[in-house]
Structure formats: C-alpha cells, structure tokens
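# Structural overview for review
Residues per chain are reported as follows:
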Amino acid sequence: MMKAALLSEPRRIEIRDVDLPDPGPGEVRIRLKMVGICGSDVHLFLGHRPLEKPTIIGHEGLGHIDKIGSGVTDRMPGQRVVIEPNIPCLQCSMCRSGRGNACPNKRVIGLNRDGCFAEYVCLPAEYAWPIPESITDEQAVTIEPTAVSIHALFASKARPGDTIAVIGLGAIGLLLTHVALSLGYRVFTVEIIPDKQKLAMEMGAEVIPTEQEISATELNRIWTDSEVVAVFECAGVAQTASLATAAAPQGAEIVLLGLSDQQATFQPLKIARQSISILPSIVYDHPFDFRRTIQLIAAGIITPGMIISNYVSLPDLQSGLEQAAAGGDSKIIVRI
C-alpha cells in the first residue's frame, strides 16, 4: 500500500491508503520526492473541470526510479528522474502529423491516469527523464512547466534580441519571462499582483504598472513604441485574451497559453488589416522540449527553481491547493 491524495470532489482532498502500483511492460515505477502544484491542478481542485471519479491529481513530479517493468533497458533503479506527464497515442492523425501535443487520445498523468500527489507513480520509461547530478532538486521539479514556456517561446516568431510582452505572471508567465530574458529577449510584463511584479522586475523585465485595469490603447502605444513582435497570453482569462488582441501592435503575433473556457472577443478587421496572427500553444513536443529544458538548466543558462515560493507536505495538500488558488504564490512545491 501507499499514501495518496485523492481529489474526491471539488475543494476536497482525502489522504488514503491505496494499492501500490506495479509497472507494466515498458514502464517504470517512481518513488516521488517533490511535486509542483500547477494551475491546472487548481482548476481541477476548484471544480472548473469535473472529474468522473476520485482521482490522484498532480503531474509535475520528481523522484527516483524504484522498479522497472519488462523490456526496459535504458532506465535503472535509483535514477533520479522528472516526469513528462502528457503521453500521446502515436496513432491518431494529430500524432502522425507531428502534433502529439494536441493528441485527443493522450494519457495525462494526474487527469485520466493516476497522478503524482502520492508516494509512487508508474509511467512509460521514455517519459521519465534522467536528471544530471549538476541540476538541483529545486531546478528539476520545475522542468515540466518550464518546458511549457520554452515550447511557446520557440514556437513563436520572436528571436533573441526581439521584444516580447507577457500577460499574466503565474508560474508559466514567470518562467517564460525568465527564459526569454536569459536568452537575450527584451520583455514587458502585465500583472496585477505586486509581489509578482517585483519578481519579474528582479529578473530584468520591464513591468507595466497595472494595479488597476489598463486600457488596450495605452498598452498598444507602449508595445508599438517598443517594437513588441509577440504577445504571450498566460493569464488564462477571457478578459486578458481580449486585451491581447486589442492591444497587439501591427504585425505582431499573439501566442495563447492561457486556458480560459470563457468567450473572448476580438475585432476581425484589426486582425486582418494589421496582419496580426494568433498562435495556440499547448504543453510541449516530445522529446524535444524536455531535452532542451534540461540542457538549458544543466548549462546554467536558466534557473527556473527561482520561482518557488513555498513548500507543503503531502498531508497538507488541501491547504496548499487553497493557497495556490488564492493567487499570491508563484510556485508551491509538495514534499512527498
């Protein structure tokens, strides 16, 4: 048996003893050490995305391989690994066209498969990434959300030396800001929480004060004068998606990372006449984005662990999720 935290209903986490999973063919079992709380975990916790049954959520996992299944030859017990939790089917038209990140049949650890807020988890060995000793646990546990931001940045047309804008400084927005600044981009940020504004400023971003709502006209003026070529919407609410399209400079690209399920608005005339493009960005491409992320950390170019703001234990996951839902923390890590 093992300890696991299950989301039994919205806003209710139960710590239970459940069966210890056994790795199947091609799988490994991981003894978890740290797990990050993601914004998607918060949405599940709040009931924004209903689950059909009590579920072990959580997917930003770090731990050590405890057991290997049959046929696994390139992983071994004791290896420290980070989990890549989105596992495409490799059979559908999206996967065959190289877009496995949008696979409609993908297995998702912590959503339609048992997740990481537990002592152990099993998954295909290929999706358990060995971590060099030079990378600390604090850096390693933030690899998954960093890969999300790296995927979006590299998918855009913006290149080092260009100026970009980031709306929303949750974990993904902060990590995207950090990665971009580390690679030589100029970054403007839009955020209403002062502590997150301060963190972005300390990174080297140019923070647009927004203690109150800022107009699209004013943002457009700032971004146009500064030659912003790409706007990354990371807040995940309809209002900021609408703001991004209304304020985008002529010829700019809007990259949507936020996952609002509400209707946003835009003016087709502006989009067409000003040659503005809208690009969706969802998770990452396997195996490229995890590999890039690990290499950038190992080389000392990025240090994503800097966004960690708090730690909780597994029995305190309920309070950790409530704290994350309040919005003040940049990244809460659960110690297993």
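Reading the values: rules and limits
- Residues numbered from 1 in each chain as written.
- Predicted model: local features only at pLDDT ≥ 70, side-chain atom pairs only at ≥ 80, totals over all residues.
- Heavy atoms only, no water.
- Pairing = 2+ DSSP bridges.
- Helix = DSSP H or I, 4+ residues; strand = E, 2+ residues; numbered from the N terminus.
- Right-handed = clockwise from strand over helix to strand, strands pointing away.
- Disulfide = S-S within 2.5 Å.
- Buried < 20%, exposed > 50% of the residue type's maximum accessible area, 1.4 Å probe, protein only.
- Core = buried A, V, L, I, M, F, W, Y, C linked by side-chain atoms within 4.5 Å.
- Contact = heavy atoms within 4.5 Å.
- Expected span 1.5 Å × (residues − 1).
- Phe/Tyr/Trp six-rings, centres within 6.5 Å; stacked < 30°, edge-to-face > 60°.
- Lys NZ or Arg CZ within 6 Å of the ring centre and 35° of its normal.

By the bridge criterion, 4 bridges tie strand E15 (residues 253-256) to strand E16 (residues 277-280) in an arrangement that is parallel. Pairing of Val255 across the sheet is with Leu279, part of E16. Once the chain exits E15 it traverses helix H9 (residues 268-273) before rejoining the sheet at E16, and the crossover so formed is right-handed.

Counted by the stated rule, this structure contains 0 disulfides. Cys122 carries a free sulfur, and the closest cysteine sulfur to it, the one in Cys116, is 11 Å from it. Cys38 supplies the cysteine sulfur nearest to Cys234, a cysteine that is in no disulfide, at a spacing of 12 Å. Taking the relative accessible area as the measure of exposure, Cys234 reaches 13% and is therefore buried.

Within soluble globular proteins, side chains that are nonpolar generally end up buried alongside one another. Ranked by size, the top nonpolar core spans 47 residues in total, and within it Ile143, Ile164, Val166, Leu176, Val187, Phe232 and Leu257 carry the most contacts. For this core, the elements supplying multiple residues, two or more each, are helix H4 (143-155), strand E11 (163-167), helix H5 (171-182), helix H6 (194-203), strand E14 (228-233) and helix H10 (288-298). Non-local contacts of Phe232, meaning those with residues more than four positions away in its chain, are made with Ala152, Leu153, Ser156, Ile164, Ala165, Val166, Ile167, Leu176, Val255 and Leu257. Counting residues in each nonpolar core, the second largest holds 31 residues, with Val121, Ala125, Val312 and Leu314 among its members.

Our next topic: H5. The α-helix advances 3.6 residues per turn, and as a result positions three or four apart in sequence lie on the same side. Given a rise of 1.5 Å per residue, 12 residues ought to cover 16 Å, and the 16 Å separating the end C-alpha atoms of H5 matches this to within 8%. Within H5, 10 of the 12 residues are buried, which leaves it mostly tucked inside the rest of the structure. Buried within H5 are the following residues: Ala171, Gly173, Leu174, Leu175, Leu176, Thr177, His178, Val179, Ala180 and Leu181. For H5, the secondary structure elements touched by its buried residues are H4, E11, strand E12 (186-191), H6 and E14. Among the residues trailing H5, Gly184 stands out with phi positive, at a value near 100°.

Taken across its 6 residues, E14 has 5 buried, putting it largely inside the fold. Inspection of the sheet shows E14 paired to E15 by 4 bridges, in the parallel sense. Residue Glu233 lies in a different strand from E15, and its bridge partner there is Leu256. This β-α-β element, E14 to helix H8 (residues 238-247) to E15, shows right-handed connectivity.

In this section: the packing of aromatic side chains. For the coordinates displayed, the defined rule picks out 2 aromatic pairs. The interplanar angle of 25° and the centroid separation of 6.0 Å between the aromatic rings of Trp129 and Phe290 together place this pair among those described as stacked. One end of the pair, Trp129, is in strand E10 (residues 128-130); the other, Phe290, is in helix H10, and 161 residues separate them in sequence. Residue classification places Trp129 among the buried positions, given a relative accessible area of 13%. With a centroid separation of 5.1 Å and an interplanar angle of 80°, the aromatic rings of Tyr284 and Phe290 are classed as edge-to-face. A connected cluster of aromatic rings, assembled from ring pairs, spans Trp129, Tyr284 and Phe290. Directly above the ring of Tyr120 sits Arg29, whose terminal nitrogen or CZ lies 5.3 Å from the centroid. Between Arg31 and the ring centre of Tyr120, over which it is positioned, the NZ or CZ distance is 5.3 Å.

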